[in-house]
Amino acid sequence: MSLVELHAIHKSFGALEVLKGIDLAIDEGQVIALIGKSGSGKSTLLRTINGLEVIDDGVIMVDGKKISERDTDLLALRLQVGMVFQQFNLFPHYTALENVMLSPQVVKKQSKAEARAIAEEMLTKVGLADKMMHYPDQLSGGQQQRVAIARALAMKPKVLLCDEVTSALDPELVNEVLAVVRQLAEEGMTLVMVTHEMRFAREVCDKLVFMHQGRIHETGDPEEVFSNPKTPELSSFVGGLA
């Protein structure tokens with residue numbers, strides 16, 4: 001059994017059907033990139049995995065537990081499935097350290113000392129050992145996003161979802177965030193990413209999933225997907241990247 005399994009997932013917003021029967025399996029330690037044009041359903045799919053969007057039909061399993069019912073224990077789910085968003089969503093009146101400490105204290109009921117030790121460990125992991133006492137407005141966008149990654153990691157999730165984590169950054173700051181994601185992949189973290197960084201996806205991911213108009217059109221090894229597209233839609237997408 002895969003760590004995350006999606007079976008026949010459907011999701012609509014009003015009359016607009018955004019996900020049209022998605023099947024996807026994510027194995028432990030696998031790094032998957034969801035690619036495709038804007039509006040293809042990538043971010044919505046990502047958000048269904050941790051319950052930010054409630055599906056209309058289908059089944060989602062995380063670590064053997066069905067999480068697609070409307071009475072799903074979302075708190076328990078999000079202890080296992082972390083998420084990093086495009087926007088950093090840091091509390092401006094908290095230091096980087098305090099931002100990372102907050103969830104372990106509030107959600108996991110850890111002591112202040114326990115939460116601080118984990119926060120220091122995670123901020124060091126993302127290269128911010130010297131910025132722990134800085135407030136968000138004293139940090140660059142790339143540093144703020146790395147704090148957001150540390151915050152997600154502090155919950156010790158089994159899966160980390162990354163929704164276009166570099167799209168809000170200036171170009172010169174993108175690589176510092178991607179370096180952290182690359183490190184997590186090398187350490188065996190299960191990652192599912194929506195990304196427009198195609199070179200990164202090609203180099204780091206185990207599997208690419210190409211979405212088009214709410215469906216998975218192609219999936220496979222990154223080199224194979226890019227070099228030998230099997231549908232006109234993927235050929236057009238890849239051609240547009242040149």
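Reading the values: rules and limits
Residues numbered from 1 in each chain as written. Predicted model: local features only at pLDDT ≥ 70, side-chain atom pairs only at ≥ 80, totals over all residues. Heavy atoms only, no water. UniProt positions renumbered as here; feature names shortened; annotations may be inferred. Helix = DSSP H or I, 4+ residues; strand = E, 2+ residues; numbered from the N terminus. Rg over C-alpha atoms; globule rule 2.2 N^0.38 Å. Buried < 20%, exposed > 50% of the residue type's maximum accessible area, 1.4 Å probe, protein only. Areas by Shrake-Rupley, 256 points an atom, 1.4 Å probe, with all protein chains shown as cover. Pairing = 2+ DSSP bridges. Expected span 1.5 Å × (residues − 1). Salt bridge = Lys/Arg side-chain N within 4 Å of Asp/Glu carboxyl O. Axes fitted to C-alpha atoms, helices over the stretch in contact; angles between N-to-C directions. Phe/Tyr/Trp six-rings, centres within 6.5 Å; stacked < 30°, edge-to-face > 60°. Right-handed = clockwise from strand over helix to strand, strands pointing away.

If you look the protein up in an unreviewed UniProt entry, it shows as Amino acid ABC transporter ATP-binding protein from Thalassospira profundimaris. What the UniProt record of the protein gives under Subcellular location (unreviewed entry) is the line "Cell membrane". Heading Sequence similarities (unreviewed entry) of the UniProt record for the protein holds this comment: "Belongs to the ABC transporter superfamily."

Participant: Describe the overall build of the protein, naming the residues involved and giving the relevant values.
Facilitator: Helix and strand counts for the protein stand at nine helices and 10 strands. In terms of C-alpha radius of gyration, the protein reaches 18 Å, essentially the compact-globule figure of 18 Å for 242 residues. With the C-alpha coordinates aligned to their principal axes, the bounding extent of the protein is approximately 55 × 45 × 35 Å. Within the protein, buried positions represent 52% of all 242 residues. Surface accessibility of the protein: about 11200 Å² in total, with carbon and sulfur atoms responsible for 49%.

Participant: So what about the environment of K109? Which residues, and what values?
Facilitator: Structurally, K109 can be placed in the loop between α3 (96-106) and α4 (112-125). Classification of K109 by relative accessible area gives exposed; the value is 65%.

Participant: I'd like a rundown of the sheet that holds strand β4 (residues 57-62), residues and numbers included.
Facilitator: Strand order in the open sheet formed by four strands is β2-β1-β4-β5, with antiparallel pairing between adjacent strands. This sheet does not close on itself; its edge strands, each paired only once, are β2 (16-26) and β5 (65-66). Sheet topology note: the β4/β5 ladder contains two bridges and is antiparallel. Residue pairing across strands places M61 opposite K66, the latter belonging to β5.

Participant: Help me get a handle on helix α5 (residues 141-153), residues and values and all.
Facilitator: Helix length check: α5, at 13 residues, gives a terminal C-alpha distance of 18 Å against a target of 18 Å (1.5 Å per residue), a fit within 8%. Buried residues dominate α5, accounting for 13 of its 13 residues.

Participant: Let's hear about the pattern of salt bridges: which residues, and what values?
Facilitator: Any two side chains of opposite charge can pair, so long as their charged atoms come close to each other. Under the counting rule described, the total for this entry stands at eight salt bridges. As a salt-bridge pair, D63 and K158 come within 2.3 Å of each other at their nearest N and O atoms. One end of the pair, D63, is in the loop between β4 and β5; the other, K158, is in the loop between α5 and β7 (159-163), and 95 residues separate them in sequence. Of the residues examined, K158 reaches a relative accessible area of 40% and is grouped as partly exposed.

Participant: Which residues make up the sheet that holds β7, and what are the values?
Facilitator: Taken in spatial order, the six strands make up an open sheet running β6-β7-β8-β3-β9-β10, and their pairing is mixed. Two strands bound the open sheet, and with one partner strand each, they are β6 (81-84) and β10 (215-220). On average, each strand axis in the sheet is tilted by 20 degrees relative to the strand beside it, whichever way the strands run. As paired elements, β7 and strand β8 (residues 190-194) share five bridges and run parallel to each other.

Participant: Please set out the packing of aromatic side chains residue by residue, giving values where relevant.
Facilitator: Going through the model one piece at a time under the given rule, you end up with two aromatic pairs. Taking the centre distance of 5.6 Å and the plane angle of 55 degrees together, the rings of F91 and Y94 count as tilted. On the accessibility criterion, Y94 (26% relative accessible area) is partly exposed. Taking the centre distance of 5.4 Å and the plane angle of 40 degrees together, the rings of F210 and F237 count as tilted. Of the two residues, F210 sits in strand β9 (residues 207-212) while F237 sits in helix α9 (residues 232-239), which places them 27 residues apart along the sequence. Residue F210 shares its accessibility class with F237, and that shared class is buried.

Participant: Requested: an account of the pairing of β7, with residues and values cited.
Facilitator: Burial of β7 is extensive: five of the five residues sit out of reach of the surface. Burial of the side chains of β7 extends over both faces: V159, L161 and D163 are buried on one face and L160 and C162 on the other. Alignment of β6 against β7, held across four bridges, turns out to be parallel. Looking at β7, one finds that V81 is bridged to V159. Taking the sense of rotation as the criterion, the β-α-β connection linking β7, helix α6 (residues 171-186) and β8 turns out right-handed.

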